[in-house]
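Architecture and fold: a report
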Amino acid sequence: MWVTRLLPVLLLQQVLLHLLLLPIAIPYAEGQKKRRNSLHEFKKSAKTTLFKEDPFLKMKTKKMNTTDQCAHRCIRNKGLPFTCKAFVFDKARKRCLWFPFNSMSTGVKKQFCHECDLYENKDYIRNCIIGKGGSYKGTVSITKSGIKCQPWNSMIPHEHR
């Protein structure tokens, strides 16, 4: 007799528990499906490669099947002895070339390459500062009014917070 009275209470408890957890579970599950493509972090220049005039500039190369694999490794800097700022994917040879420089670096020029595509990390070629600029990695170091920016490693004239 006590089982017949307890069963509806337990069922109601389970239903309420599922209804409470449903708003949490759905966004989590949707977030799991949508993984951002690594190539979104890069600006593509078709049929272009980088030519280094400075022989001391490093680069690394490896055979890879897709541009997405190249981009993923560049973003994570996995197996690279430098911070990757750009890469070239050679479609004919299925080969990635990772660079610690980009087309805006000194000692580097863009060059036509029929089977190559250049991908430059947007963080390093962006010339605009978003927010307070704490994560800015671009090349602009002068304010709108023409004043040279204070280096991050300097506490003069202002202290960093």
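Residues numbered from 1 in each chain as written. Predicted model: local features only at pLDDT ≥ 70, side-chain atom pairs only at ≥ 80, totals over all residues. Heavy atoms only, no water.

1. A closer look at the pattern of salt bridges
Just so we agree on the cut-off: We define a salt bridge as a side-chain nitrogen of Lys or Arg found within 4 Å of a carboxyl oxygen belonging to Asp or Glu. To qualify as a helix, a DSSP run of H or I must reach at least 4 residues; to qualify as a strand, a run of E must reach at least 2; elements of each kind are numbered from the N terminus. Burial classes follow relative accessibility: with a 1.4 Å probe on protein chains only, a residue under 20% of its type's maximum area counts as buried, one over 50% as exposed, and anything between as partly exposed.
For the structure on display, the rule yields four salt bridges. Put simply, glutamate 53 and lysine 109 hold a salt bridge, and the shortest N to O gap is 3.2 Å. With glutamate 53 in the loop between strand S1 (42–52) and strand S2 (60–63) and lysine 109 in strand S5 (residues 108–121), this pair connects stretches of sequence that are 56 residues apart. In this structure glutamate 53 comes out as partly exposed when scored by relative accessible area, which is 43%. Owing to a relative accessible area of 47%, lysine 109 belongs among the partly exposed residues under this scheme. Lysine 91 is the partner of aspartate 117 in a salt bridge, and the nearest nitrogen-oxygen pair spans 3.4 Å. Here aspartate 117 is found in strand S5, whereas its partner lysine 91 is found in the loop between strand S3 (86–90) and strand S4 (95–99), with 26 residues between them in sequence. One continuous salt-bridge network, built from bridges that share partners, spans Lys44, Lys91 and Asp117.

2. Regarding the pairing of S5
Formally: A pair of strands counts as paired when DSSP detects no fewer than two bridges linking them.
Of the pairings in the sheet, the one linking S1 to S5 comprises 10 bridges and is antiparallel in character. Counterpart to serine 45 in the pairing with S5 is leucine 118. In the sheet, S3 pairs with S5 via five bridges, with the strands oriented antiparallel. Following the sheet pairing, alanine 86 is matched in S5 by glutamate 120.

3. Let's talk about the nonpolar core
Where we set the bar: What we call a nonpolar core is a set of buried Ala, Val, Leu, Ile, Met, Phe, Trp, Tyr and Cys residues that are connected through their side-chain atoms within 4.5 Å. Contacts between residues were defined by any pair of non-hydrogen atoms, one from each residue, lying within 4.5 Å.
Judged by nonpolar contacts, the single largest core of 13 residues is most densely connected at Phe42, Cys70, Cys74, Phe87, Phe89, Cys96 and Trp98. Looking at this core, the elements that each hand over two or more residues are helix H2 (67–76), S3 and S4. Sort the elements by how many residues they give to this core and H2 lands first, with three residues. Contact partners of phenylalanine 42, with chain neighbours within four places excluded, come to Ala71, Cys74, Ile75, Phe87, Tyr119, Glu120, Asn121 and Lys122. By size, the runner-up hydrophobic cluster in this structure holds 11 residues, among which are Ala86, Leu97, Phe99 and Cys113.

4. Some words on the sheet that holds S1
Definition in use: For helices, the fitted line uses only the C-alpha atoms of the stretch in contact; every axis is such a line through C-alpha atoms, and the angle between N-to-C directions lies from 0 to 180 degrees.
The antiparallel open sheet is built from five strands, whose spatial order is S1-S5-S3-S4-S2. Each having just a single partner strand, S1 and S2 make up the two edges of the open sheet. With strand direction ignored, the average angle separating the axes of adjacent strands in the sheet is 35°. Seen against the sheet, H2 touches S1, S2, S3, S4 and S5 and runs at an angle of roughly 160° to S3.

5. A look at unusual backbone geometry
In this chain, isoleucine 156 is followed by proline 157 through a cis amide linkage whose omega measures 10°. Examined against the element boundaries, proline 157 turns out to sit in the segment after helix H3 (122–125). With phi around 55°, lysine 47 is a residue other than glycine that occupies positive phi space. When you line up the elements, lysine 47 lands in strand S1. A relative accessible area of 38% means that lysine 47 is categorised as partly exposed.

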